[in-house]
Amino acid sequence: MIRTIAIDDEPLALQLLSGYIRRTPFLSLSGEFDNPFAAMEFIRNEPVDLMFLDIQMPDLTGTELAKLLKNGPRLIFVTAYDRYALEGFRLDAIDYILKPYSYEEFLQSALRAQRVLDLEAQPRAEIEFNADFLFLKSDYKVKRIRFDSILYIEGLKDYIKVYVAGDPKPVLSIGSLKLMEQRLPASRFMRVHRSFIVNLEKVETIERSRIVFGKEYIPVGEQYKDRFQEFLDRNFL
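Our subject in this report is the structure included herewith. (Residues numbered from 1 in each chain as written. Predicted model: local features only at pLDDT ≥ 70, side-chain atom pairs only at ≥ 80, totals over all residues. Heavy atoms only, no water.)

1. Focus: the nonpolar core
Then comes step 1: Ranked by size, the top nonpolar core spans 21 residues in total, and within it Leu17, Leu27, Leu50, Phe52 and Phe106 carry the most contacts.
Then comes step 2: Mapped onto this core, the elements with two or more residues apiece are strand 1 (2–7), helix 1 (11–23), strand 3 (50–53), strand 4 (74–79) and helix 5 (103–121).
Then comes step 3: Beyond its immediate sequence surroundings of up to four residues, Phe106 is in contact with Leu17, Tyr20, Ile21, Thr24, Leu27, Phe52, Ile97 and Tyr101.
Then comes step 4: Counting residues in hydrophobic clusters, the runner-up holds 20 residues, among them Ile5, Ile7, Met51 and Met57. (Core = buried A, V, L, I, M, F, W, Y, C linked by side-chain atoms within 4.5 Å. Buried < 20%, exposed > 50% of the residue type's maximum accessible area, 1.4 Å probe, protein only. Helix = DSSP H or I, 4+ residues; strand = E, 2+ residues; numbered from the N terminus. Contact = heavy atoms within 4.5 Å.)

Dropping the structure here:
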């Protein structure tokens, strides 16, 4: 069962969302909140796997709440405004449901969340690690990739892209960036953005808070800047 909460300041919208959660067999409704501050306090004290979160709320928006909950539960945004979609995915949202929505649309998003959480709960199903290399399943093949050949890794919903030096195309595999961060050696790899992990040994040029790999620019996210700066300070002449 996926421990789930619903957050929406509109009573009817919250009632509908909570009803859909109760109707879904693999979701367990742990709480429903019309106040994002109450939801934040609950999350800090109780285990939550997934939250369905409205964006346009008074005092504290859904995106602001997501930024405050670093390493918090996975989230799906539920909103009447499509202009927030890009920001939502930058916050590593699993999905983005646009109001008004049907139960079928809700269920599709819930199933996506189930797949993501299952992958994170069973890390060795797709990825096996060694001291110097990893195996990835890609295009119905298993590929061996040496750590020292990796430039950076990009997370895209249920998939990861591993960019390798000398290869114009990344290796695409099922998995999550969170899993990769947990299993890669921290002395050699660092997460610098919600969507990127970089090989520290391959960092050669930094420009305006962006790491340069050829023609590609990897942004350093606000919540990762201090840690990345510590790495730079330790190696600065």
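2. Topic: the environment of Val198
Then comes step 1: Its location among the elements puts Val198 in strand 13 (residues 196–199).
Then comes step 2: Since its relative accessible area comes to 0%, Val198 is described here as buried.
Then comes step 3: For the pair formed by Val198 and Lys137, sequence separation is 61 residues and the distance between their alpha carbons is 20 Å.
Then comes step 4: Each residue touching Val198, except ones within four places of it in the same chain, is listed here: Leu151, Tyr152, Arg188, Phe189, Met190, Val192, Val203, Ile211, Phe213 and Ile218.

3. Regarding helix 1
Then comes step 1: With 13 residues, helix 1 should cover 18 Å at 1.5 Å per step; its first-to-last C-alpha distance of 18 Å lies within 8% of that length.
Then comes step 2: Ala13, Leu14, Leu17, Ser18, Tyr20 and Ile21 are the residues of helix 1 that are buried. Take helix 1 and look down its axis: the buried residues cluster within an arc of 160°, on one side only. Away from the buried face of helix 1 by more than 90 degrees, exposed residues Pro11, Leu12, Gln15, Arg22 and Arg23 are located.
Then comes step 3: Where helix 1 is buried, its residues contact strand 1, strand 2 (27–33), strand 3, strand 4 and helix 5. (Expected span 1.5 Å × (residues − 1). Arc of directions from axis to C-beta.)

4. Observations regarding the pairing of strand 11 (residues 171–174)
Then comes step 1: Going residue by residue along strand 11, you find Val171 and Ser173 tucked away on one face and Leu172 and Ile174 left uncovered on the opposite face.
Then comes step 2: Here strand 10 (residues 159–164) pairs with strand 11 via four bridges, running antiparallel. Paired with Val162 across the strands is Val171, a residue of strand 11.
Then comes step 3: Where strand 10 hands over to strand 11, the hairpin turn is made up of six residues, of which Gly166 adopts a positive phi near 85°. (Pairing = 2+ DSSP bridges.)

5. Describing the pattern of salt bridges
Then comes step 1: Following the criterion strictly, the structure yields 10 salt bridges and no others.
Then comes step 2: A salt bridge links Arg191 to Glu181; its shortest N-O distance comes to 3.3 Å. One end of the pair, Arg191, is in strand 12 (residues 189–193); the other, Glu181, is in helix 6 (residues 177–183), with 10 residues separating them in the sequence.
Then comes step 3: Put simply, Arg188 and Glu201 hold a salt bridge, and the shortest N to O gap is 3.6 Å. (Salt bridge = Lys/Arg side-chain N within 4 Å of Asp/Glu carboxyl O.)

6. Structural notes on the sheet that holds strand 4
Then comes step 1: The sheet built from five strands is open, its strands ordered 2-1-3-4-5 with parallel pairing. The sheet is open, and its two borders are formed by strand 2 and strand 5 (95–98), each paired with just one other strand. When the angles between neighbouring strand axes are averaged without regard to direction, this sheet yields 20°.
Then comes step 2: The pairing of strand 1 with strand 2 spans six bridges and is classified as parallel. Within strand 2, the position partnered with Ile5 by the bridge is Gly31. (Axes fitted to C-alpha atoms, helices over the stretch in contact; angles between N-to-C directions.)

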